[in-house]
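# Structural overview
Below are the chains, spelled out letter by letter.
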Amino acid sequence: MTIDLKNLTIEKAHKHLIGGDFTARELAEAYLKNIEEKNKDINAYLEVFSDVLLQADKADLRFKNGEKDNALLGIPMALKDNLLVEGRRVTCASKIMEGYVAPYSATAIQKLIEKGVVFLGRVNMDEFAMGASTENSAFGVTKNPHDVTRVSGGSSGGSAAVVAANLALCALGSDTGGSIRQPSAFCGVVGYKPSYGAVSRHGLVAMSSSLDQIGPITNSVEDSKIIFDCIAGVDSYDATTISINESALIKKKIGIVKGLLDIEGIDSEVKKNFEESIEKAKGLGFEIVELEMPHISHALEVYYIICPAEVSSNMSRFDGMRFGKKVGGSNLLEEYLETRGQLLGSEVKRRIMIGTYVLSSGYYDAFYGKANKARELIKKDFENAFETVGAVMTPTTPSPAFKIGEKSNDPLQMYLADVFTVTANIAGVPAISIPSGVSKDGMPFGLQLMGAYKNDAALFDIAKEFER
Ligand code: GLN
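Residues numbered from 1 in each chain as written. Predicted model: local features only at pLDDT ≥ 70, side-chain atom pairs only at ≥ 80, totals over all residues. Heavy atoms only, no water.

## Considerations on the site of the ligand
In the neighbourhood of the ligand, 15 residues make up the surrounding shell, with Thr 176, Gly 177, Ser 179, Tyr 303 and Arg 351 lying closest. Between Gly 178 and the ligand, the recorded distance is 3.3 Å, taken from a backbone N or O atom to an oxygen atom. Here an oxygen atom of the ligand and a side-chain polar atom of Tyr 304 are 3.4 Å apart. Expressed as a share of its isolated accessible area of 290 Å², the protein-covered part of the ligand is 99%. In terms of residue class, the shell around the ligand is built from 6 nonpolar, 6 polar and 3 charged. (Near = heavy atom within 4 Å. Polar contact = N/O pair within 3.5 Å; in protein donor to acceptor, adjacent residues only side chain to side chain. Areas by Shrake-Rupley, 256 points an atom, 1.4 Å probe, with all protein chains shown as cover. Nonpolar A, V, L, I, M, F, W, Y, C, P; charged D, E, K, R; others polar.)

Listed below in structure tokens is the structure:
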């Protein structure tokens, strides 16, 4: 049979694979052909692995041996280029990582390998996951498959674009302040950020350790859940991992945040689309509750203190001595300065400088200390909200995908793209973006649903209702 990649999900592919309609090899070949034809239009893959068909053959052997209940066996997946796979290159879309080969696999990757997932290749991102457009990649921007004059979002722009363009059936991304959800919204696919600690960060190149999570980007909510269920779990290599709750009875109440859409710079079409989502929620039988969450209007400021602070610390290991490339100098200090000066991009440098500043003596209490106090208040806002509602709903982004170059010279404008997504990372709660329609120009909108900490399963159930 010819494989209809356009309407394929993991669920459907699995049925075809066990039904013998096509093999894992044929499925992989269909994606490789699409990649060959279309990747040049969007610039999403940094590397297509040379052993894709070999991986697929191994999966086919397992099918032959009667393996039936494993929904991920033989499923083609793309990987954000900040996830370690033993023996493969990882660049974080940075020149400084040139020549680096991962010595071990991330825990999440190891679990997927055991399931027999077929890894297609490494996909583009903003350098070290800092950005909201993939324009900060050292290897060029990934274009939006719906309109190649626009960005795919970021930092997991490559992951979202390949799923939207049918160059992979699913992908993994990482989300520190929105990097899974924002590009998913821009590209019209589903993106899931788990509760903090639900998925091990072992083997994910760290950006901001108290905010980072690995998560799936897929064509359906169920597909995201299938991947999440595989990669979640307590891991002795990551002391912050937790076990999550079983799905509880859904509270048929959804919260919207009072005054949230009154902030400046929200696109009028986004507002209208959100109104439609509210009506949809009502139609599904949800009661809409207007919530007072007085501190979340400060989430962006809090994020842009805590995140750079942790970035400045995490990035110190890239000094030219231990990983990737080094630029020589006449003494050690000069080598550090030349390596980091020449091989890191301007957004990474900006964050290191901001982070170093907010952590420096004399400023620590005023910035970092204060941001951490505000973080606790934001968490409390969510705890209070989830006493009443099953989910809090917002648009995923303040606008649909913007034009390439439109914000790249204005970091503050770029940071505003995260205004709705950073809150979930600060509070550690799970959040999903699902497609919610298109603009007059045909660009996708995303609806964000945030759930209570550890209630990932319940959040999936709510999101599925919206998908119907
Ligand atoms: N766009 C946000 C930032 O630049 C989020 C990045 C992320 O989630 N990795 O920090």
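So that's the structure; there's more coming.
## A look at the sheet that holds strand β11 (residues 391-395)
The mixed open sheet is built from 11 strands, whose spatial order is β1-β3-β2-β6-β8-β7-β12-β13-β11-β9-β10. The open sheet terminates on both sides in strands that have one partner only, identified here as β1 (45-48) and β10 (287-291). Each adjacent strand pair in this sheet contributes to an overall mean axis angle of 30 degrees, direction not counted. (Pairing = 2+ DSSP bridges. Helix = DSSP H or I, 4+ residues; strand = E, 2+ residues; numbered from the N terminus. Axes fitted to C-alpha atoms, helices over the stretch in contact; angles between N-to-C directions.)

## Notes on the packing of aromatic side chains
Summed over all chains, the structure comprises 15 aromatic pairs. For the ring pair Phe 228 and Phe 460, a centre distance of 5.7 Å and an interplane angle of 50 degrees mean the geometry is tilted. Residue Phe 228 is found in helix α7 (residues 221-231), and its partner Phe 460 is found in helix α15 (residues 456-467); the two are separated by 232 residues along the sequence. Each member of the aromatic cluster is reached from another via a ring pair, and the members are Tyr 100, Phe 128, Phe 318 and Phe 323. Geometry around Phe 286 places Lys 252 over its ring, the cationic atom sitting 4.3 Å from the centre. (Phe/Tyr/Trp six-rings, centres within 6.5 Å; stacked < 30°, edge-to-face > 60°. Lys NZ or Arg CZ within 6 Å of the ring centre and 35° of its normal.)

## Some points on the pattern of salt bridges
One pass over the full model with this rule turns up 24 salt bridges. Measuring nitrogen to oxygen at the nearest pair gives 3.5 Å for the salt bridge that ties Asp 441 to Arg 150. One end of the pair, Asp 441, is in the loop between β12 (431-438) and β13 (444-450); the other, Arg 150, is in strand β5 (residues 147-151), with 291 residues separating them in the sequence. Residue Asp 441 is classed as exposed on the basis of its relative accessible area, which comes to 59%. On the accessibility criterion, Arg 150 (12% relative accessible area) is buried. Its salt-bridge partner being Glu 276, residue Lys 272 comes within 3.5 Å of it at the nearest N-O pair. Highlighted residues: Lys 272 and Glu 276, both in helix α8 (residues 268-283), separated by 4 residues, approximately one helical turn. Because the salt bridges share partners, they merge into one network encompassing Arg 25, Glu 29 and Asp 57. (Salt bridge = Lys/Arg side-chain N within 4 Å of Asp/Glu carboxyl O. Buried < 20%, exposed > 50% of the residue type's maximum accessible area, 1.4 Å probe, protein only.)

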